[in-house]
Amino acid sequence: MSDFKRVLLLGTGPTTIQLAVCLKKQLSCQLGIAGRESARSEPFFAALEQSNHQVQVRIQNEKHRAMAGECRIDHVFKGYGSITGEWDALILAVTTDAYIDVLKQMSDEVLKRARCIVLVSPTLGSNSLVRNYMHQFHTEVELISFSTYLGDTRWIPEKSHQHVLTTAVKKKIYAGSTWIQSANIEVLKQLFEQSGIALDVMATPMEAETRNISLYVHPALFMNEFALDAIFGDSGVQKYVYKIYPEGPITQHLIRDMLAGWKEIMSLLNALQIKRLNLLQFMTDDNYPVRLESLSRHDIENFSDFNMTTQEYLLYIRYTSLLIDPFSEPDEEGKYFDFSAVPFRKMFVNREGELDIPRMPKEDYYRTKIIQGILTSLNLKCPTIDKFLRNYERKIIEVAAANQNRKLSLAFTVQSFEEDLQRICRELGKNLQEK
C-alpha cells in the first residue's frame, strides 16, 4: 500500500511547485507545503496567500505537456516548526546541505509518524545522513533517494511567486529505497512514466545517488582558477561554463583533472561495493548525446578500459562536440544553436542583503567536501578532489578578506560539515560490517 495519501513538500523553490502539480494531478493526494521563514521565502508565502494557495506550472516545450497544470495546496506551513498533523510522506525539496537543519526544526511527533521520506536532489551519502538522524525516533521509515531532480524549473519573472516554468525534463532518473520491496517506488515509477520520464530502480539508495553527473563534472568545471575568477572577479567580459579556453575553462588540463576526479570517486564506489559508472557513457546516454560521427559506440562503451591518454582524448572530443547542439537545425548561415553558451553566474547580493555565492559552485562545495570526507574515512587518497577544494576555499577566503566591510553569507566560510560526515560514516560503517 502506498504512503502517498498525505504528502508534505519541504521547501519553497520552483522544484516544490512542479512536484506539487505532478502529485496532485496524478495521485489526488492531500498536499502540504512547508518552508523556512526568511526574506527569501516571504514573497512565496505572500503569493500563496493572495492566490488562495493556487499554484501553476507552465512549460517551454510542448512535448513536456504532462508537466504543465495547476492545483491548490491544501495546507501551508510558514516555518518548519509550525508543521502539525500526520503526514505519510515527507519530500525534501531543499538543498542537500539543509536536510538535517530542516529535520531538526520539525516536531518529533511529525517525524515519528512519517512512513516515507523522499530525497529529491541528494548527494552521495545523503540517504545515510537522513537514516542516521531518523534512528532516534525508532520508526520503520522508508527512505528513497533520487539521483537528481527531474528537470529544470524556474520562476517566471513577470509572474508572481506561485507560477513556474519548466524548461527541460530528463528522459531518465534513478531511484533507490531502503526497502527491498517498495510499493512507494512503484507509485513513483508510474508517476514519472506518466510524465514521460523513465525511473530506473537501483539496488540501494546510494547507488542511485552516484548517478548524478554533477558529482563528476562540476568540481572540475567550477573549482579552477578560470571559473573562480569568472564568478568572483569584476571583469566585464562574460565567460561560459562549457566553452573551450579562452571563452571558457575547458583545457587539456581541466579534462585531465575531471578524469582523475572521476577515478577517485570510482575508488570510493569500489570500497563501498557499488557498481562503477562509465563516465563517457553516462555523459552521452543519460545526459546529452553527441553524433556517432564524433564518438563511436565502441569508444563510448569501452571508455573505462582505455588508457588515460585515450580517455582524456575522448572526453575532450565530447566537450568540443557540444560547443554547438549537434541535433539542432542550422540557420540560413549554417550556424547551429550555441549549446555551450551557459554563462558563469557571478556572486550577488541575496534577499537578506548578504553577498552570496551562486548555487553552482556553492552546492558543489558541500557535495565535494562530503565525498572527500568519506574517502578520507576509508583511508583512500583523493589528491585531485583535494586540489578542487583547495582552489575553492582559497578563493572564498580571498574574497571574504577583500569584502570585510560588507555583510557576507555563510557560504564565504570554510566549512568541514563535520556533523553530517560523522552521521554518514557511521551508517556506511554499519553497512560495510553487514556485508
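Let me begin by describing the structure that accompanies this report. (Residues numbered from 1 in each chain as written. Predicted model: local features only at pLDDT ≥ 70, side-chain atom pairs only at ≥ 80, totals over all residues. Heavy atoms only, no water.)

Considerations on the side chain of Q372
- Examined against the element boundaries, Q372 turns out to sit in helix α14 (residues 359-377).
- Discounting residues that sit within four places of it in the chain, Q372 has contacts with C382, I385, D386 and L389. (Helix = DSSP H or I, 4+ residues; strand = E, 2+ residues; numbered from the N terminus. Contact = heavy atoms within 4.5 Å.)

With respect to the sheet that holds strand β12 (residues 198-201)
- Reading across the sheet, the eight strands line up as β5-β2-β1-β6-β7-β8-β11-β12 and stay open at both edges, with mixed pairing between neighbours. Strand pairing shows two members of the sheet lacking a second neighbour, β5 (75-78) and β12, which therefore form its edges. The sheet shows a mean angle of 20° between the axes of neighbouring strands, taken without regard to direction.
- Here four bridges tie strand β11 (residues 172-177) to β12, and the two strands are oriented parallel to one another. Within the sheet, the bridge partner assigned to K172 lies in β12 and is A198.
- Against the sheet, helix α6 (residues 183-194) contacts β7 (116-119), β8 (142-146), β11 and β12, and its axis sits at roughly 30° relative to β8. (Pairing = 2+ DSSP bridges. Axes fitted to C-alpha atoms, helices over the stretch in contact; angles between N-to-C directions.)

Re the pairing of strand β1 (residues 6-10)
- β1 sits mainly inside the fold: four of its five residues count as buried.
- Of the crossover connections in this fold, the one passing from β1 over helix α1 (residues 14-27) to the parallel strand β2 (residues 30-35) is right-handed.
- Across four bridges, the pairing between β1 and strand β6 (residues 89-92) is parallel. When the bridges of β6 are listed, V7 appears paired with A89. (Buried < 20%, exposed > 50% of the residue type's maximum accessible area, 1.4 Å probe, protein only. Right-handed = clockwise from strand over helix to strand, strands pointing away.)

What about the side chain of H64?
- In this fold, H64 is placed in the loop between β3 (54-59) and β4 (69-72).
- Residues within four places of H64 in sequence aside, it is in contact with I59, T167, A168 and V169.

Some thoughts on the nonpolar core
- Within the largest apolar cluster, 98 residues are counted, with the highest numbers of intra-cluster contacts made by L10, I83, L90, M106, I117, Y216 and L221.
- Considering every element that reaches this core, the biggest residue donor is helix α10 (residues 252-271), with nine residues.
- In this structure L90 touches L8, L10, M106, L111, A114, C116, I117 and V118, once residues within four positions along its chain are discounted.
- Counting residues in hydrophobic clusters, the runner-up holds 43 residues, among them L31, A175, L188 and I197. (Core = buried A, V, L, I, M, F, W, Y, C linked by side-chain atoms within 4.5 Å.)

Details of the sheet that holds β4
- Taken in spatial order, the four strands line up as β4-β3-β10-β9 in an open sheet, and their pairing is mixed. The sheet is open, and its two borders are formed by β4 and β9 (151-155), each paired with just one other strand. Each strand of the sheet is rotated relative to its neighbour by a mean of 25°, with strand direction disregarded.
- Bridging between β3 and strand β10 (residues 163-169) involves four bridges; their strand directions are parallel. The residue bridging V57 from the neighbouring strand is V164, located in β10.

A look at the environment of L111
- Note that L111 resides in helix α4 (residues 108-113).
- Spatially, the C-alpha atom of L111 lies 31 Å from that of N350, the residues being 239 residues apart in sequence.
- Sequence-distant contacts of L111, that is, excluding residues within four places in its chain, are made with L90, L103, M106, Y133, M134 and F137.

Regarding helix α5 (residues 126-134)
- The element α5 is extensively covered by neighbouring structure, given that nine of its nine residues are classed as buried.
- Among the residues of α5, those classed as buried are S126, N127, S128, L129, V130, R131, N132, Y133 and M134.

Some words on unusual backbone geometry
- Each neighbour pair has its own omega, and for Y245 with P246 the value is 10°, a cis peptide bond.
- One can find P246 in the loop between α9 (225-232) and α10.
- Positive phi is not limited to glycine here, since N52 has a value of about 60°.
- Tracing the chain through its elements places N52 in the loop between α2 (42-50) and β3.
- Unusually for a residue other than glycine, N379 sits at a positive phi of about 60°.
- Along the chain, N379 turns up in the loop between α14 and α15 (383-402).
- Among the residues examined, N379 registers a relative accessible area of 71% and is labelled exposed.

What about α9?
- The buried count for α9 comes to six of eight residues, which makes it a mostly enclosed element.
- Residues of α9 that are buried include every one of F226, A227, L228, A230, I231 and F232, and no others.
- Turning to α9, the residues buried within the fold contact α8 (214-222), α14 and α15.

Some details on the pattern of salt bridges
- Counted by the stated rule, this structure contains 28 salt bridges.
- Its salt-bridge partner being K104, residue E419 comes within 2.9 Å of it at the nearest N-O pair. Taken together, the residues E419 in helix α16 (residues 418-434) and K104 in helix α3 (residues 99-105) connect sequence positions 315 residues apart.
- Relative accessible area serves as the criterion here: at 34%, E419 is assigned to the partly exposed category.
- Salt-bridge contacts for K172 lead to D286; the nearest nitrogen and oxygen are separated by 3.7 Å. On the criterion of sequence distance, the pair formed by K172 in strand β11 and D286 in helix α11 (residues 279-287) is long-range, its members being 114 residues apart.
- A relative accessible area of 21% means that D286 is categorised as partly exposed.
- Connected via shared salt-bridge partners are R359, E363, D364 and R367. (Salt bridge = Lys/Arg side-chain N within 4 Å of Asp/Glu carboxyl O.)

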